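Tertiary structure, described
So you can see what is in the structure, the chains are spelled out below.
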Amino acid sequence: MGRADERSYVRVLVVLDTTVLIIALLIGYVARFGDDEPTGSEIPYVLVAPGLVLAWLISLKALGCYDDRVIGYGADEYRRVSSASLRLAGAIAIIGYIADVGVSRGFLGISFAVGTVGLEVARFAARKRLHRARSVGAGWSRKVLVVGDTAHVLELVHTLRREPYAGYQVVGACIPDALLAPVAQRLGDVPVVGSFRGIPEAATAIGADTVAVTASGELTATRLRRLGWQLEGTGIDLVVAPALTDVAGPRIHTRPVAGLPLIHVEAPEFRGVRKLVKGFVDRSVSSLALAVLLPLIAFIALAIKLDSRGPVLFRQVRVGRGGQEFGVFKFRTMVVNADALLAELTARNETDGLMFKMRHDPRVTRVGRLLRKWSLDELPQLVNVLLGQMSLVGPRPPLPSEVARYDGDVARRLLVKPGMTGLWQVSGRSDLSWEDGIRLDLYYVENWSLAADLTILWKTFGAVLNGRGAY
């Protein structure tokens, strides 16, 4: 896993992009002209198409769509692909107008629309395959040498390993001279390969292609600048991991002041126009979904009634925004005396923290197991969204007993409405530890956006079909 794998992945992307563009141009041609030859035009489309494919690939290359710093993780890859396509379309439109070239606008419009969407879908499919490979220790990944104080090195290692699909494989660490021992050391399972005096040599020795610098009192600005100079021409990238964590990119802006790259962090937005838009979208989508899903809701209600005695719906008190309690609606998936049986099962709790989770809970009914597997038991929460008590996307709605034991940090979950789905839903659901669930909820609270909500909703379908963590 190194530069060769990276180049191989880039070649795959080039082949995918070329294939998508050829198909897009064929679709554009057929949609515009059908089986007939273009009439009243001297434009040789058999030459225009290859030229357009070549120009499109050059545009993708020029905007860094094959740059190893953006491919494989993050939203920047998708933004660059869209930007490259739109800029090329704009350039061709201007050139065509000035030169009075008679290329069909319908052909160009359809080709660019299909091609742009196709490129994004192809990148998404390639990335998913890469992520699956990385998660099992295969695929192209960066080999990282982590540099910093012991505590910060361990924290960064834990953070990078928490998401192996991001492609950062820690292969060694460098710590201050004062912390070095006369015998070989390890920080957890990470070997200590040197001190701050020989970082480039240590990176070369272990085959690292990235040096990740985290906090340390000995790594002054001058030493960090010199390290950058020492790595020039080696092919080893230098990245700096600030102490600021769990803050999304759109809230971070770098401002050069007196030669210092000062990081400006915008405050989270808990009110304003975007919140109004989010509320409007929530109510609109929930009302439409209720109307469309009414036959399914009726069928589920009948199945529950025939399967076991008791009400169809289960109403439970949860805590919403600002600590306000409300009744959340769910299809009943347990026997009617489930709460009374909980005390007998407490010792068999399979999760940490304040929640009770049990993979094979005897209180769950036969229909209830199917509803939980596909998250269909949560459909009645669309009513809570319509009433403004919940949102489509947000933190998990907590119980009052959980909230009573919150500390100051965890209580920030209550700054926004709880959601039917969220980062916890698309990241493992009940398989998540309490700590990871809280971390994801707090990340959403601090960094929510309408674009992120759409992404989470899209990923929710995959998470539901996968069924991971649903019990």
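Relevant structure appears above.
This write-up is about the structure you can find in this document.

Cut-off values and rules
Residues numbered from 1 in each chain as written. Predicted model: local features only at pLDDT ≥ 70, side-chain atom pairs only at ≥ 80, totals over all residues. Heavy atoms only, no water. Helix = DSSP H or I, 4+ residues; strand = E, 2+ residues; numbered from the N terminus. Buried < 20%, exposed > 50% of the residue type's maximum accessible area, 1.4 Å probe, protein only. Contact = heavy atoms within 4.5 Å. Areas by Shrake-Rupley, 256 points an atom, 1.4 Å probe, with all protein chains shown as cover. Pairing = 2+ DSSP bridges. Axes fitted to C-alpha atoms, helices over the stretch in contact; angles between N-to-C directions. Parallel < 35°, antiparallel > 145°, perpendicular 65-115°, else oblique. Left-handed = near helix turned anticlockwise from the far one by under 90°. Patch = residues over 30% accessible without salt bridge, like charges linked within 9 Å, V, L, I, M, F, W, Y side chains within 5 Å. Salt bridge = Lys/Arg side-chain N within 4 Å of Asp/Glu carboxyl O. Lys, Arg positive; Asp, Glu negative; His and termini not counted. Charge placed at Lys NZ, Arg CZ, Asp CG, Glu CD. Nonpolar A, V, L, I, M, F, W, Y, C, P; charged D, E, K, R; others polar. Core = buried A, V, L, I, M, F, W, Y, C linked by side-chain atoms within 4.5 Å. Phe/Tyr/Trp six-rings, centres within 6.5 Å; stacked < 30°, edge-to-face > 60°. Lys NZ or Arg CZ within 6 Å of the ring centre and 35° of its normal.

1. Focus: the overall build of the protein chain
- Summing up its helical and strand segments, the protein chain has 16 helices and 12 strands in all.
- The buried share of the protein chain, taken over its 471 residues, is 41%.
- Sequence-distant contacts in the protein chain: of pairs separated by 6 or more residues, those separated by 24 or more amount to 71%.
- For the protein chain, the accessible surface area stands at approximately 25600 Å², while carbon and sulfur atoms represent 62% of it.

2. Regarding the pairing of strand E10 (residues 325–331)
- Counting buried residues along E10, five of its seven residues qualify, which places the element largely inside the surrounding structure.
- Direction of pairing for strand E9 (residues 313–319) relative to E10: antiparallel, over a ladder of seven bridges. Opposite Arg315, over in E10, you have Phe329 as the bridge partner.
- The hairpin formed by E9 and E10 contains five residues between the paired strands, and Gly322 there has a positive phi angle of roughly 70°.

3. Thoughts on the packing of helix H2 (residues 45–62) against helix H3 (residues 76–99)
- At a minimum axis distance of 9 Å, the contact between H2 and H3 shows a crossing angle of 130°. The orientation of H2 relative to H3 falls into the category oblique. Between H2 and H3 lies a crossing whose hand is right-handed. Packed against H2, whose contacting residues are Leu52, Ala55, Trp56, Ser59 and Leu60, the element H3 presents Val81, Ala84, Ser85, Leu88 and Ile92 at the interface.

4. Some points on a positive patch on the surface
- A grouping of Lys128, Arg129, Arg132 and Lys459 is seen on the molecular surface, where their side chains present a positively charged patch.
- By residue number, the principal contributor to the positive patch is helix H4 (residues 105–135), which donates three residues.
- Since its relative accessible area comes to 64%, Arg129 is described here as exposed.

5. Focus on the packing of H3 against H4
- Two numbers describe how H3 lies on H4: the axes approach to 10 Å, and their chain directions differ by 165°. In terms of orientation, H3 lies roughly antiparallel with respect to H4. Handedness of the H3/H4 crossing: right-handed. Counting all contacts with H3, which are made through Glu77, Tyr78, Val81, Ser82, Ser85, Leu88, Ala89 and Ile92, the residues of H4 involved are Leu108, Phe112, Thr116, Leu119, Glu120, Arg123, Phe124 and Arg127.
- Of the residues belonging to the contact of H3 with H4, the class tally is nine nonpolar, three polar and four charged.

6. Quick look at the nonpolar core
- Ranked by internal contacts, the top residues of the largest apolar core, which has 29 residues, are Tyr9, Trp56, Leu60, Ile71, Phe107 and Leu119.
- Excluding anything up to four places from it in sequence, Phe107 contacts Leu25, Gly28, Tyr29, Arg32, Phe33, Tyr45 and Val48.
- Counting 25 residues, the second-largest nonpolar core is a separate cluster that includes Val312, Leu371, Met390 and Met420.

7. Overview of the sheet that holds strand E6 (residues 237–240)
- Pairing within the open sheet is mixed, and its six strands lie in the order E3-E4-E2-E1-E5-E6. Two strands close off the open sheet at either side, each with one partner strand: strand E3 (186–187) and E6.
- The sheet contacts of helix H5 (residues 150–162) involve strand E1 (142–147), strand E2 (168–174), E3, strand E4 (190–194) and strand E5 (210–213), and relative to E2 the element is tilted by about 170°.
- Contacts between helix H7 (residues 221–230) and the sheet are confined to E5 and E6, with E6 contributing the most and set at about 155° to the helix.

8. A closer look at the packing of aromatic side chains
- If you walk through the whole model with that rule in mind, you get three aromatic pairs.
- Ring centres 4.5 Å apart and planes at 35° place the aromatic pair Trp56 and Phe112 in the tilted group. One end of the pair, Trp56, is in helix H2; the other, Phe112, is in helix H4, and 56 residues separate them in sequence. For the residue pair Trp56 and Phe112, the accessibility class agrees, reading buried in each case.
- Cation over ring: Lys275 sits above Trp448, and NZ or CZ is 4.5 Å from the ring centre.

9. Focus: the pattern of salt bridges
- In this structure the tally under the stated criterion is 13 salt bridges.
- Here Arg123 and Asp17 are joined by a salt bridge, their closest N and O atoms 2.9 Å apart. Placement of Arg123 in helix H4 and of Asp17 in helix H1 (residues 3–33) is noted, with a sequence separation of 106 residues between them. For the pair Arg123 and Asp17, a shared accessibility class is recorded, and that class is buried.
- Across the pair Asp377 and Lys330 runs a salt bridge whose closest N-O atoms are separated by 3.6 Å.

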